[in-house]
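Fold and contact review
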Amino acid sequence: MTSGGFLQQLQTGLWKDNPGLVQLLGLCPLLAVTTTLVNGFGLGIATLLVLAMSNALVSATRRWIKPEIRIPIYVLIIASLVTCIELIFKAWFPMLDRSLGIFIPLIVTNCAIVARAEVFASRNTIGVSIADGIGMGAGFAMLLMAIGAFREFVGQASILSRLDLITGGEPFNGFSFADSGLLLAILPPGAFFSLALAVVLKNYMDQRRRNSRGAFASRGLRRPHQ
Amino acid sequence: MSDRSIVKTGMTLGMIAAVCTSLVAATYQLTKDRIAANEKALLEQSLQPALTGIFYDSGVSESRLVLQPPHGLPGNDPAIIYRVFAEGEPAAALFVVTARDGFAGPIRIVLGVEASGSVTGVRILQHRETPGLGDKIVSARSDWVYQFDGRSMGDPQLLGWALKGDGGEFDQLTGASITPRAVIKAIRDTLVYFDANRDAIFQAAATEAEE
(Lines give C-alpha, C1' and ligand atoms only; values in the text may rest on other atoms or scores of the structure.)
Protein backbone atom coordinates (compact mmCIF):
# COMPACT_ATOMS: atom_id res chain seq x y z
CA MET A 1 0.00 0.00 0.00
CA THR A 2 1.36 3.39 -0.92
CA SER A 3 0.69 6.61 0.88
CA GLY A 4 -1.10 7.71 -2.28
CA GLY A 5 -3.60 4.91 -1.76
CA PHE A 6 -4.20 5.98 1.81
CA LEU A 7 -4.83 9.60 0.87
CA GLN A 8 -6.95 8.67 -2.08
CA GLN A 9 -9.08 6.46 0.14
CA LEU A 10 -9.61 9.35 2.54
CA GLN A 11 -10.60 11.64 -0.29
CA THR A 12 -13.01 9.10 -1.73
CA GLY A 13 -14.90 8.91 1.54
CA LEU A 14 -14.79 12.62 2.27
CA TRP A 15 -16.04 13.79 -1.08
CA LYS A 16 -16.24 11.52 -4.09
CA ASP A 17 -18.24 8.65 -2.57
CA ASN A 18 -19.45 10.46 0.56
CA PRO A 19 -21.73 7.95 2.32
CA GLY A 20 -24.39 10.55 3.02
CA LEU A 21 -24.21 12.70 -0.10
CA VAL A 22 -23.58 10.13 -2.81
CA GLN A 23 -24.50 6.73 -1.44
CA LEU A 24 -27.35 8.21 0.64
CA LEU A 25 -26.65 5.71 3.43
CA GLY A 26 -27.34 6.19 7.11
CA LEU A 27 -30.04 8.76 6.52
CA CYS A 28 -32.06 7.91 9.63
CA PRO A 29 -29.54 9.30 12.13
CA LEU A 30 -28.52 11.94 9.65
CA LEU A 31 -32.01 13.36 9.54
CA ALA A 32 -32.85 12.80 13.19
CA VAL A 33 -29.99 14.29 15.18
CA THR A 34 -28.81 17.15 13.03
CA THR A 35 -30.72 19.87 14.86
CA THR A 36 -27.49 21.45 16.06
CA LEU A 37 -23.85 21.46 15.07
CA VAL A 38 -22.88 19.94 18.42
CA ASN A 39 -25.28 17.01 18.02
CA GLY A 40 -24.04 16.42 14.49
CA PHE A 41 -20.47 16.44 15.72
CA GLY A 42 -21.23 13.97 18.51
CA LEU A 43 -22.91 11.40 16.33
CA GLY A 44 -20.41 11.99 13.53
CA ILE A 45 -17.44 11.24 15.77
CA ALA A 46 -19.14 8.16 17.22
CA THR A 47 -19.89 6.85 13.72
CA LEU A 48 -16.37 7.59 12.54
CA LEU A 49 -14.84 5.64 15.42
CA VAL A 50 -17.12 2.65 14.89
CA LEU A 51 -16.53 2.67 11.16
CA ALA A 52 -12.74 2.85 11.41
CA MET A 53 -12.58 0.09 14.03
CA SER A 54 -15.11 -2.18 12.36
CA ASN A 55 -13.22 -1.87 9.08
CA ALA A 56 -10.00 -2.72 10.90
CA LEU A 57 -11.50 -5.78 12.63
CA VAL A 58 -13.28 -7.06 9.55
CA SER A 59 -10.14 -6.66 7.48
CA ALA A 60 -8.01 -8.35 10.14
CA THR A 61 -10.29 -11.38 10.33
CA ARG A 62 -11.13 -11.59 6.62
CA ARG A 63 -9.01 -14.69 6.05
CA TRP A 64 -11.09 -16.76 8.49
CA ILE A 65 -14.49 -15.44 7.61
CA LYS A 66 -16.40 -17.76 5.33
CA PRO A 67 -18.92 -16.10 3.03
CA GLU A 68 -21.76 -18.07 4.69
CA ILE A 69 -21.22 -16.51 8.10
CA ARG A 70 -19.92 -13.10 7.14
CA ILE A 71 -23.10 -11.16 7.90
CA PRO A 72 -23.53 -12.48 11.49
CA ILE A 73 -19.87 -11.74 12.08
CA TYR A 74 -20.19 -8.17 10.79
CA VAL A 75 -23.20 -7.69 13.04
CA LEU A 76 -21.30 -9.09 16.03
CA ILE A 77 -18.30 -6.87 15.44
CA ILE A 78 -20.30 -3.72 14.77
CA ALA A 79 -22.71 -4.25 17.67
CA SER A 80 -19.84 -4.82 20.12
CA LEU A 81 -18.01 -1.75 18.93
CA VAL A 82 -21.12 0.40 19.18
CA THR A 83 -21.74 -0.86 22.72
CA CYS A 84 -18.18 0.06 23.67
CA ILE A 85 -18.50 3.51 22.14
CA GLU A 86 -21.80 4.02 23.94
CA LEU A 87 -20.25 3.09 27.29
CA ILE A 88 -17.32 5.41 26.61
CA PHE A 89 -19.68 8.27 25.76
CA LYS A 90 -21.70 7.60 28.90
CA ALA A 91 -18.54 7.69 30.98
CA TRP A 92 -16.78 10.70 29.49
CA PHE A 93 -19.44 12.71 27.66
CA PRO A 94 -22.60 11.98 29.68
CA MET A 95 -24.41 15.11 28.57
CA LEU A 96 -23.71 14.51 24.91
CA ASP A 97 -24.89 10.94 25.35
CA ARG A 98 -28.16 12.17 26.82
CA SER A 99 -28.60 14.62 24.01
CA LEU A 100 -28.08 11.97 21.32
CA GLY A 101 -30.10 9.40 23.23
CA ILE A 102 -31.12 6.34 21.28
CA PHE A 103 -29.14 7.32 18.19
CA ILE A 104 -25.83 6.13 19.63
CA PRO A 105 -27.02 2.51 20.02
CA LEU A 106 -28.75 2.85 16.67
CA ILE A 107 -25.39 3.30 14.95
CA VAL A 108 -25.53 -0.51 14.75
CA THR A 109 -28.21 -0.15 12.12
CA ASN A 110 -26.32 2.42 10.06
CA CYS A 111 -26.05 0.60 6.78
CA ALA A 112 -23.03 2.70 5.79
CA ILE A 113 -21.00 0.67 8.28
CA VAL A 114 -22.00 -2.82 7.21
CA ALA A 115 -21.72 -1.67 3.59
CA ARG A 116 -18.07 -0.68 4.07
CA ALA A 117 -17.37 -3.98 5.82
CA GLU A 118 -18.91 -5.94 2.97
CA VAL A 119 -17.72 -3.89 0.01
CA PHE A 120 -14.31 -2.76 1.17
CA ALA A 121 -12.83 -4.09 4.40
CA SER A 122 -13.47 -7.75 3.59
CA ARG A 123 -11.34 -7.41 0.44
CA ASN A 124 -8.53 -5.08 1.42
CA THR A 125 -5.56 -4.92 3.77
CA ILE A 126 -5.91 -3.45 7.23
CA GLY A 127 -4.16 -0.15 6.47
CA VAL A 128 -6.31 0.77 3.48
CA SER A 129 -9.43 -0.45 5.29
CA ILE A 130 -8.76 1.85 8.22
CA ALA A 131 -8.16 4.71 5.80
CA ASP A 132 -11.43 3.90 4.11
CA GLY A 133 -13.22 3.80 7.48
CA ILE A 134 -11.75 7.13 8.53
CA GLY A 135 -12.50 8.69 5.17
CA MET A 136 -16.08 7.45 5.03
CA GLY A 137 -16.63 8.24 8.72
CA ALA A 138 -15.19 11.71 8.34
CA GLY A 139 -17.29 12.30 5.24
CA PHE A 140 -20.38 11.28 7.17
CA ALA A 141 -19.37 13.37 10.18
CA MET A 142 -18.68 16.45 8.05
CA LEU A 143 -22.09 16.13 6.45
CA LEU A 144 -23.78 15.73 9.84
CA MET A 145 -21.96 18.81 11.10
CA ALA A 146 -22.70 20.85 8.00
CA ILE A 147 -26.40 20.01 8.07
CA GLY A 148 -26.49 20.50 11.85
CA ALA A 149 -24.85 23.91 11.56
CA PHE A 150 -27.14 24.93 8.72
CA ARG A 151 -30.35 23.85 10.50
CA GLU A 152 -29.24 25.45 13.72
CA PHE A 153 -28.32 28.67 11.95
CA VAL A 154 -31.56 28.93 10.02
CA GLY A 155 -33.84 27.44 12.65
CA GLN A 156 -32.52 28.89 15.88
CA ALA A 157 -30.49 31.79 14.50
CA SER A 158 -27.54 30.66 16.57
CA ILE A 159 -24.37 28.66 16.16
CA LEU A 160 -22.53 26.26 18.49
CA SER A 161 -25.43 26.13 20.92
CA ARG A 162 -24.99 23.58 23.73
CA LEU A 163 -21.25 23.45 23.17
CA ASP A 164 -21.16 22.60 26.88
CA LEU A 165 -22.32 19.06 25.99
CA ILE A 166 -18.80 18.43 24.72
CA THR A 167 -16.68 20.74 26.85
CA GLY A 168 -18.63 20.45 30.09
CA GLY A 169 -19.39 23.39 32.33
CA GLU A 170 -22.28 25.81 32.33
CA PRO A 171 -25.07 25.50 29.73
CA PHE A 172 -24.03 27.57 26.75
CA ASN A 173 -26.64 28.67 24.28
CA GLY A 174 -24.28 29.52 21.46
CA PHE A 175 -23.78 32.72 19.59
CA SER A 176 -27.21 34.02 18.85
CA PHE A 177 -28.10 36.38 16.04
CA ALA A 178 -31.82 36.84 16.51
CA ASP A 179 -34.59 35.87 18.86
CA SER A 180 -35.91 33.07 16.75
CA GLY A 181 -35.25 31.59 13.35
CA LEU A 182 -37.25 29.80 10.71
CA LEU A 183 -38.76 27.01 12.77
CA LEU A 184 -39.22 24.75 9.74
CA ALA A 185 -35.48 24.12 9.59
CA ILE A 186 -35.48 22.43 13.02
CA LEU A 187 -38.57 20.32 12.37
CA PRO A 188 -38.22 17.03 10.48
CA PRO A 189 -39.02 18.46 7.01
CA GLY A 190 -36.13 20.87 7.47
CA ALA A 191 -33.81 17.88 7.67
CA PHE A 192 -34.92 16.65 4.25
CA PHE A 193 -34.67 20.10 2.71
CA SER A 194 -31.19 20.60 4.15
CA LEU A 195 -29.97 17.23 2.87
CA ALA A 196 -31.42 17.95 -0.56
CA LEU A 197 -29.63 21.31 -0.63
CA ALA A 198 -26.37 19.63 0.35
CA VAL A 199 -26.72 17.03 -2.43
CA VAL A 200 -27.52 19.78 -4.94
CA LEU A 201 -24.51 21.79 -3.82
CA LYS A 202 -22.17 18.82 -4.18
CA ASN A 203 -23.43 17.89 -7.63
CA TYR A 204 -23.22 21.50 -8.74
CA MET A 205 -19.64 21.80 -7.55
CA ASP A 206 -18.64 18.52 -9.17
CA GLN A 207 -20.21 19.56 -12.45
CA ARG A 208 -18.48 22.92 -12.46
CA ARG A 209 -15.18 21.27 -11.80
CA ARG A 210 -15.75 18.78 -14.60
CA ASN A 211 -16.67 21.53 -17.02
CA SER A 212 -13.67 23.65 -16.16
CA ARG A 213 -11.25 20.72 -16.42
CA GLY A 214 -12.68 19.57 -19.69
CA ALA A 215 -13.07 16.04 -20.90
CA PHE A 216 -9.82 14.71 -19.31
CA ALA A 217 -11.13 14.66 -15.77
CA SER A 218 -13.91 12.20 -16.35
CA ARG A 219 -11.74 9.11 -16.32
CA GLY A 220 -13.49 7.65 -13.31
CA LEU A 221 -11.98 6.56 -10.06
CA ARG A 222 -9.42 3.87 -9.66
CA ARG A 223 -11.25 1.01 -8.05
CA PRO A 224 -9.88 -0.98 -5.13
CA HIS A 225 -8.48 -4.24 -6.49
CA GLN A 226 -11.14 -6.90 -6.74
CA MET B 1 -20.84 -27.95 2.80
CA SER B 2 -19.52 -30.96 4.66
CA ASP B 3 -20.04 -31.73 8.34
CA ARG B 4 -16.46 -30.87 9.16
CA SER B 5 -16.64 -27.46 7.60
CA ILE B 6 -19.88 -26.74 9.45
CA VAL B 7 -18.14 -27.43 12.75
CA LYS B 8 -15.18 -25.32 11.68
CA THR B 9 -17.42 -22.44 10.64
CA GLY B 10 -19.30 -22.66 13.91
CA MET B 11 -16.04 -22.50 15.81
CA THR B 12 -14.97 -19.43 13.89
CA LEU B 13 -18.25 -17.76 14.76
CA GLY B 14 -17.85 -18.78 18.40
CA MET B 15 -14.31 -17.45 18.56
CA ILE B 16 -15.27 -14.11 17.15
CA ALA B 17 -18.27 -13.90 19.47
CA ALA B 18 -15.96 -14.59 22.41
CA VAL B 19 -13.52 -11.89 21.32
CA CYS B 20 -16.31 -9.34 20.83
CA THR B 21 -17.88 -10.18 24.18
CA SER B 22 -14.61 -9.76 26.02
CA LEU B 23 -14.13 -6.42 24.30
CA VAL B 24 -17.50 -5.23 25.59
CA ALA B 25 -16.87 -6.72 29.04
CA ALA B 26 -13.51 -4.97 29.31
CA THR B 27 -15.02 -1.63 28.28
CA TYR B 28 -17.83 -2.13 30.77
CA GLN B 29 -15.38 -2.78 33.60
CA LEU B 30 -13.39 0.26 32.58
CA THR B 31 -16.36 2.61 32.45
CA LYS B 32 -18.88 1.35 35.00
CA ASP B 33 -17.64 3.37 37.99
CA ARG B 34 -17.52 6.57 35.97
CA ILE B 35 -20.99 5.94 34.59
CA ALA B 36 -22.46 5.31 38.04
CA ALA B 37 -20.79 8.47 39.36
CA ASN B 38 -22.08 10.44 36.39
CA GLU B 39 -25.62 9.25 36.94
CA LYS B 40 -25.57 10.21 40.61
CA ALA B 41 -24.02 13.59 39.81
CA LEU B 42 -26.59 14.16 37.12
CA LEU B 43 -29.43 13.41 39.51
CA GLU B 44 -28.11 15.72 42.19
CA GLN B 45 -27.35 18.36 39.59
CA SER B 46 -30.85 18.19 38.17
CA LEU B 47 -32.32 18.55 41.66
CA GLN B 48 -29.99 21.39 42.65
CA PRO B 49 -31.89 24.28 41.00
CA ALA B 50 -35.04 23.30 42.84
CA LEU B 51 -33.17 23.76 46.13
CA THR B 52 -31.83 27.28 45.75
CA GLY B 53 -31.57 29.22 48.97
CA ILE B 54 -32.21 26.26 51.24
CA PHE B 55 -29.79 25.13 53.89
CA TYR B 56 -29.97 21.34 54.11
CA ASP B 57 -28.26 18.17 55.24
CA SER B 58 -26.48 16.25 52.50
CA GLY B 59 -27.74 13.00 51.00
CA VAL B 60 -30.86 14.27 49.31
CA SER B 61 -30.97 11.34 46.92
CA GLU B 62 -31.16 8.85 49.82
CA SER B 63 -34.44 10.28 51.14
CA ARG B 64 -36.31 9.16 48.07
CA LEU B 65 -39.99 8.30 48.25
CA VAL B 66 -41.53 6.64 45.22
CA LEU B 67 -45.30 6.74 44.88
CA GLN B 68 -46.94 4.34 42.49
CA PRO B 69 -50.02 5.62 40.66
CA PRO B 70 -52.71 6.48 41.54
CA HIS B 71 -50.99 8.85 43.93
CA GLY B 72 -52.94 12.10 43.59
CA LEU B 73 -49.96 13.91 42.09
CA PRO B 74 -49.87 14.97 38.44
CA GLY B 75 -49.10 12.24 35.93
CA ASN B 76 -49.89 8.55 35.85
CA ASP B 77 -46.36 7.25 36.11
CA PRO B 78 -44.56 6.87 39.45
CA ALA B 79 -44.01 10.17 41.23
CA ILE B 80 -40.79 10.66 43.16
CA ILE B 81 -40.43 12.81 46.24
CA TYR B 82 -37.04 13.68 47.75
CA ARG B 83 -37.36 14.90 51.31
CA VAL B 84 -34.85 17.51 52.36
CA PHE B 85 -34.02 17.95 56.02
CA ALA B 86 -32.02 20.60 57.85
CA GLU B 87 -30.68 19.32 61.17
CA GLY B 88 -33.38 16.68 61.24
CA GLU B 89 -36.23 19.10 60.69
CA PRO B 90 -38.22 19.06 57.42
CA ALA B 91 -36.84 21.79 55.15
CA ALA B 92 -38.30 21.11 51.75
CA ALA B 93 -39.64 18.45 49.42
CA LEU B 94 -38.63 17.93 45.83
CA PHE B 95 -41.34 16.51 43.62
CA VAL B 96 -40.55 14.81 40.34
CA VAL B 97 -43.89 14.64 38.58
CA THR B 98 -45.23 14.45 35.06
CA ALA B 99 -47.46 16.94 33.29
CA ARG B 100 -49.46 14.67 31.04
CA ASP B 101 -51.14 17.24 28.81
CA GLY B 102 -48.14 18.76 27.06
CA PHE B 103 -48.26 19.53 23.36
CA ALA B 104 -46.01 16.61 22.44
CA GLY B 105 -46.27 14.02 25.15
CA PRO B 106 -45.50 14.10 28.85
CA ILE B 107 -43.30 16.73 30.45
CA ARG B 108 -41.22 15.62 33.42
CA ILE B 109 -40.82 18.36 36.01
CA VAL B 110 -38.88 18.74 39.23
CA LEU B 111 -40.48 21.13 41.67
CA GLY B 112 -39.03 22.16 45.02
CA VAL B 113 -41.41 23.17 47.79
CA GLU B 114 -40.22 24.64 51.07
CA ALA B 115 -41.76 23.26 54.26
CA SER B 116 -43.69 26.51 54.51
CA GLY B 117 -45.29 25.76 51.15
CA SER B 118 -43.54 28.21 48.85
CA VAL B 119 -41.86 27.15 45.64
CA THR B 120 -38.06 27.10 45.72
CA GLY B 121 -37.63 26.36 42.05
CA VAL B 122 -39.03 24.58 39.03
CA ARG B 123 -37.07 22.86 36.27
CA ILE B 124 -38.03 20.77 33.28
CA LEU B 125 -36.26 17.41 33.27
CA GLN B 126 -37.65 15.90 30.07
CA HIS B 127 -39.92 17.13 27.33
CA ARG B 128 -40.57 16.82 23.60
CA GLU B 129 -42.14 20.21 23.02
CA THR B 130 -41.62 22.13 19.78
CA PRO B 131 -38.11 23.63 19.55
CA GLY B 132 -38.26 27.40 19.55
CA LEU B 133 -41.81 27.57 20.91
CA GLY B 134 -42.81 25.18 23.68
CA ASP B 135 -39.24 24.45 24.69
CA LYS B 136 -38.98 27.94 26.20
CA ILE B 137 -40.22 26.30 29.41
CA VAL B 138 -36.64 25.02 29.80
CA SER B 139 -34.53 27.30 31.96
CA ALA B 140 -31.70 27.31 29.42
CA ARG B 141 -34.02 28.75 26.77
CA SER B 142 -35.90 31.46 28.64
CA ASP B 143 -36.61 32.87 32.08
CA TRP B 144 -40.18 31.61 32.08
CA VAL B 145 -39.84 28.95 34.81
CA TYR B 146 -38.29 31.40 37.24
CA GLN B 147 -41.56 33.26 37.74
CA PHE B 148 -42.78 30.51 40.07
CA ASP B 149 -39.96 30.96 42.57
CA GLY B 150 -41.30 32.06 45.95
CA ARG B 151 -44.96 31.63 44.99
CA SER B 152 -47.24 29.28 46.88
CA MET B 153 -50.79 28.06 47.11
CA GLY B 154 -52.40 31.26 48.36
CA ASP B 155 -50.05 33.47 46.41
CA PRO B 156 -51.97 33.49 44.14
CA GLN B 157 -55.14 31.67 45.14
CA LEU B 158 -56.06 28.45 43.36
CA LEU B 159 -57.75 30.18 40.41
CA GLY B 160 -54.80 32.49 39.93
CA TRP B 161 -52.58 29.52 39.00
CA ALA B 162 -53.12 29.95 35.28
CA LEU B 163 -51.76 31.95 32.35
CA LYS B 164 -52.65 35.64 32.21
CA GLY B 165 -54.70 34.94 29.11
CA ASP B 166 -56.72 32.39 31.05
CA GLY B 167 -57.40 34.83 33.87
CA GLY B 168 -54.44 33.81 35.98
CA GLU B 169 -51.28 35.54 37.11
CA PHE B 170 -48.50 33.93 35.11
CA ASP B 171 -46.78 35.05 31.92
CA GLN B 172 -47.51 33.31 28.65
CA LEU B 173 -45.06 32.08 26.06
CA THR B 174 -45.29 33.50 22.56
CA GLY B 175 -46.49 30.86 20.16
CA ALA B 176 -47.22 28.23 22.79
CA SER B 177 -50.17 27.97 25.14
CA ILE B 178 -50.71 24.25 25.66
CA THR B 179 -47.20 23.67 26.99
CA PRO B 180 -47.15 26.38 29.71
CA ARG B 181 -50.72 25.54 30.66
CA ALA B 182 -49.71 21.94 31.28
CA VAL B 183 -46.71 22.98 33.39
CA ILE B 184 -48.70 25.43 35.51
CA LYS B 185 -51.41 22.85 36.10
CA ALA B 186 -48.84 20.32 37.25
CA ILE B 187 -47.27 22.83 39.64
CA ARG B 188 -50.67 23.83 41.00
CA ASP B 189 -51.76 20.24 41.59
CA THR B 190 -48.47 19.44 43.29
CA LEU B 191 -48.83 22.39 45.62
CA VAL B 192 -52.36 21.36 46.51
CA TYR B 193 -51.10 17.85 47.21
CA PHE B 194 -48.28 19.18 49.36
CA ASP B 195 -50.61 21.32 51.45
CA ALA B 196 -52.89 18.36 52.07
CA ASN B 197 -50.18 15.75 52.80
CA ARG B 198 -47.30 17.74 54.26
CA ASP B 199 -46.83 15.74 57.47
CA ALA B 200 -47.29 12.37 55.85
CA ILE B 201 -44.66 13.20 53.23
CA PHE B 202 -41.96 13.97 55.76
CA GLN B 203 -42.81 11.05 58.05
CA ALA B 204 -42.96 8.28 55.47
CA ALA B 205 -40.07 5.83 55.32
CA ALA B 206 -37.77 6.13 52.34
CA THR B 207 -38.36 3.78 49.42
CA GLU B 208 -35.54 1.30 49.01
CA ALA B 209 -33.61 1.66 45.78
CA GLU B 210 -34.51 -1.18 43.45
CA GLU B 211 -31.56 -3.06 42.10
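If you're wondering where the values come from, they're calculated on a predicted model, not measured in any experiment.

All names here are of chain A. At their nearest, the axes of helix 3 (residues 37–60) and helix 4 (residues 70–92) sit 9 Å apart, and the two run at 140° to each other. Crossing geometry of helix 3 relative to helix 4 is assigned as right-handed. Touching A46, L49, V50, M53, S54, L57 and V58 of helix 3 are Y74, I77, I78, L81, V82, I85 and F89, all from helix 4. Among the residues forming the contact of helix 3 with helix 4, the class breakdown is 13 nonpolar, one polar and no charged.

We now examine the sheet that holds strand 4 (residues 107–114) of chain B. Residue and element names in this part refer to chain B. Taking strand neighbours across the sheet as the criterion, the five strands line up as 1-2-3-4-5 in an open arrangement whose pairing is antiparallel. Edge strands, defined here as strands with exactly one partner in the open sheet, are strand 1 (64–67) and strand 5 (119–126). Averaged over neighbouring strand pairs, the angle between their axes works out to 20° when direction is ignored. In the packing of helix 2 (residues 178–203) onto the sheet, the strands contacted are strand 2 (79–86), strand 3 (89–99), strand 4 and strand 5, and the crossing angle to strand 3 comes to about 140°.

Take unusual backbone geometry next. Looking along the chain, the bond that leaves B:P69 and enters B:P70 is cis, with omega of 0°. Tracing the backbone shows B:P70 in the loop between strand 1 and strand 2. Although it is not a glycine, A:L24 sits at a positive phi angle of roughly 50°. Inspection of the secondary structure assignment puts A:L24 in the loop between helix 1 (3–16) and helix 2 (27–33). Since 14 C-beta atoms lie within 10 Å of it, A:L24 is described here as partly exposed.

What counts as what
- Residues numbered from 1 in each chain as written.
- Chains lettered and ligands numbered in written order.
- Predicted model: local features only at pLDDT ≥ 70, side-chain atom pairs only at ≥ 80, totals over all residues.
- Axes fitted to C-alpha atoms, helices over the stretch in contact; angles between N-to-C directions.
- Helix = DSSP H or I, 4+ residues; strand = E, 2+ residues; numbered from the N terminus.
- Left-handed = near helix turned anticlockwise from the far one by under 90°.
- Contact = placed C-beta atoms within 7 Å.
- Nonpolar A, V, L, I, M, F, W, Y, C, P; charged D, E, K, R; others polar.
- Pairing = 2+ DSSP bridges.
- Buried ≥ 20, exposed ≤ 12 C-beta atoms within 10 Å, placed from the backbone.

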